[in-house]
Amino acid sequence: MTWSIIARDSATGQLGIAVATRFFAVGALVPHIAPGIGAVATQALVNPYYGIDGLALLREGKSPHEAIAALLATDSGRESRQVHVMDSTGHFAAHSGKDCIDWFGHIAGDGFSIAGNMLAGPAVLDETARVYSAGEKLPFAERLIKAMFAGEAAGGDKRGKQSAALLIHGAEEWPLLDLRVDDHADPLRELERLEAVSREHWVPFRNFMPTRGNPAGTSDRAKIDAGIAAATTSRE
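Residues numbered from 1 in each chain as written. Predicted model: local features only at pLDDT ≥ 70, side-chain atom pairs only at ≥ 80, totals over all residues. Heavy atoms only, no water.

A.B. asks: Help me understand the nonpolar core, please; the structure alone is not making it clear to me.
C.D. replies: Generally speaking, soluble globular proteins have nonpolar side chains that are buried together. In terms of nonpolar packing, the biggest core is built from 28 residues, with Trp3, Ile5, Tyr132, Leu144, Leu166, Ile168 and Leu191 touching the most fellow members. For this core, the elements supplying multiple residues, two or more each, are strand 1 (2-8), strand 2 (15-21), strand 8 (112-117), helix 3 (123-134), helix 4 (140-153), strand 9 (163-169), strand 10 (177-181) and helix 5 (187-201). The element best represented in this core is helix 4, accounting for seven residues. (Core = buried A, V, L, I, M, F, W, Y, C linked by side-chain atoms within 4.5 Å. Buried < 20%, exposed > 50% of the residue type's maximum accessible area, 1.4 Å probe, protein only. Helix = DSSP H or I, 4+ residues; strand = E, 2+ residues; numbered from the N terminus.)

Set out below in structure tokens:
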């Protein structure tokens with residue numbers, strides 16, 4: 001019922017997941033990222049513990065293949081699940097159970113993995129991959145969204161549209177970007193709008209937040225307001 005892309009931005013080291021589906025609130029359960037560790041997208045008949053336990057296995061030093069094998073070993077519903085996993089170095093593994101609904105499959109490329117089920121056909125993944133690969137000069141968030149638009153143009157979820165999400169992490173435990181469109185007639189278009197708004201009203205503020213290297217962050221309201229004003233002006 002879903003297709004998703006997991007990617008690592010080679011320029012920044014950021015990890016990101018974009019996902020879309022004809023299902024409510026896909027961002028609540030599918031994407032999971034731990035900075036410096038890796039990322040997991042769990043879909044089809046979703047098992048949320050694939051994300052939670054999958055990241056825990058990566059933290060223990062398991063490879064993506066080993067993590068997936070461990071997840072499947074204890075899950076009697078594994079043939080109705082789909083999951084793909086990336087570690088912090090950009091290595092991938094995926095599983096699509098034989099009882100997932102056609103069309104389903106998985107592909108991987110340089111720094112990205114794409115998986116989907118209940119799709120219009122393989123072109124959904126192929127076009128998502130093609131546009132992501134061609135977008136290396138774009139900012140990471142925009143690149144992921146444009147790739148998802150390409151998959152949608154190729155047919156997307158064969159049942160239609162309802163929700164989409166974008167999750168990006170850098171070096172900190174808190175996300176650089178966590179956008180969710182839970183119920184919308186055109187969720188990817190709304191996700192695109194929210195990402196544009198985030199550049200004006202979230203990114204400038206985010207740049208002053210506490211980090212492990214700077215626990216105090218910046219509380220200078222004048223600097224924060226100036227950053228937001230500069231971002232807003234640049235978009236006019």
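On we go from here.
A.B. asks: When you look at the packing of aromatic side chains in this model, what are you seeing that I'm missing?
C.D. replies: One pair of aromatic rings is described through two measures. These are the centre distance and the angle between the planes. Counted under the stated rule, the structure contains one aromatic pair. Arranged with centres 5.3 Å apart and planes meeting at 65°, the rings of Phe112 and Tyr132 form a pair that is edge-to-face. Here the residue Phe112 occupies a position in strand 8, and Tyr132 occupies one in helix 3, the gap between them amounting to 20 residues. Among the residues examined, Phe112 registers a relative accessible area of 5% and is labelled buried. Above the ring of Tyr132, the side-chain terminus of Arg143 is found at 3.8 Å from the ring centroid. (Phe/Tyr/Trp six-rings, centres within 6.5 Å; stacked < 30°, edge-to-face > 60°. Lys NZ or Arg CZ within 6 Å of the ring centre and 35° of its normal.)

A.B. asks: Would you explain the packing of helix 4 against helix 5 in this entry?
C.D. replies: The description of two packed helices rests on the angle between their axes and on the distance between the axes. Relative orientation of the contacting elements helix 4 and helix 5 amounts to 170°, with a least axis distance of 10 Å. Between helix 4 and helix 5, the angle is such that the two are roughly antiparallel. Of the residues in helix 5, those touching helix 4 at Ala141, Glu142, Ile145, Met148, Phe149 and Glu152 are Leu188, Arg189, Leu191, Glu192, Glu195 and Arg199. (Axes fitted to C-alpha atoms, helices over the stretch in contact; angles between N-to-C directions. Parallel < 35°, antiparallel > 145°, perpendicular 65-115°, else oblique. Contact = heavy atoms within 4.5 Å.)

A.B. asks: It is not clear to me how the pattern of salt bridges should be interpreted in this structure. Could you clarify?
C.D. replies: Pairing between side chains of opposite charge can happen when the charged atoms of each approach one another. Across all of its chains, the model carries twelve salt bridges by this definition. Ionic pairing is found between Lys62 and Glu60, a salt bridge with its closest N-O pair at 3.7 Å. For Lys62, a relative accessible area of 34% puts it in the partly exposed group. In this structure, the salt-bridge partner of Arg189 is Glu192, at a minimum N-O distance of 2.9 Å. One end of the pair, Arg189, and the other, Glu192, are both in helix 5, three residues apart, so they sit about a helical turn from each other. With relative accessibility at 44%, the residue Arg189 sits in the partly exposed group. Residue classification places Glu192 among the partly exposed residues on the basis of a relative accessible area of 26%. Sharing partners across several salt bridges, the network here consists of Glu142, Glu195 and Arg199. (Salt bridge = Lys/Arg side-chain N within 4 Å of Asp/Glu carboxyl O.)

A.B. asks: Just checking my understanding: could you explain the pairing of strand 4 (residues 38-44) for this structure?
C.D. replies: Look at any regular strand and the pattern is simple: side chains alternate between the two faces of the sheet. Of all seven residues making up strand 4, seven are buried, and the element is well covered by its neighbours. Here strand 3 (residues 31-34) hands over to strand 4 after three residues, with Gly36 in that stretch at a positive phi of 75°. (Pairing = 2+ DSSP bridges.)

A.B. asks: Quick question: what am I supposed to make of the environment of Ile168 here?
C.D. replies: Among the secondary structure elements, Ile168 is positioned in strand 9. When its relative accessible area of 3% is taken as the criterion, Ile168 is described as buried. Separated by 162 residues in sequence, Ile168 and Ile6 have C-alpha atoms that sit 9.8 Å apart. Filtering out sequence-adjacent residues up to four positions away, Ile168 remains in contact with Gln14, Leu15, Gly16, Phe140, Ala141, Leu144, Pro175, Leu176 and Leu177.

A.B. asks: What's the story with the environment of Leu166 in this structure? I'm lost.
C.D. replies: Its location among the elements puts Leu166 in strand 9. On the basis of relative accessibility, which here comes to 0%, the residue Leu166 falls in the buried class. Between the alpha carbons of Leu166 and Ala196 there is a distance of 13 Å; along the sequence they are 30 residues apart. Apart from residues no more than four positions distant in its own chain, Leu166 is found in contact with Ile17, Ala18, Ala141, Leu144, Ile145, Leu177, Asp178, Leu179, Leu191 and Glu195.

A.B. asks: Can you help me understand the sheet that holds strand 8 in this one?
C.D. replies: Sheets are built from strands paired through backbone hydrogen bonds, the pairs being either parallel or antiparallel. The six strands are arranged 7-8-1-2-9-10 in an open sheet whose pairing can be described as antiparallel. Edge positions in the sheet fall to strand 7 (105-109) and strand 10, since each has one partner strand and no second. Recorded for the sheet is a direction-independent mean angle of 10° between the axes of neighbouring strands. Of the pairings in the sheet, the one linking strand 7 to strand 8 comprises five bridges and is antiparallel in character. In the sheet register, Ile107 faces strand 8, and the bridge partner there is Ile114. In the packing of helix 4 onto the sheet, contacts are made with strand 1, strand 2, strand 9 and strand 10, and the angle to strand 1 comes to roughly 150°. Helix 5 contacts strand 2, strand 9 and strand 10 of the sheet and is inclined by roughly 145° relative to strand 10.

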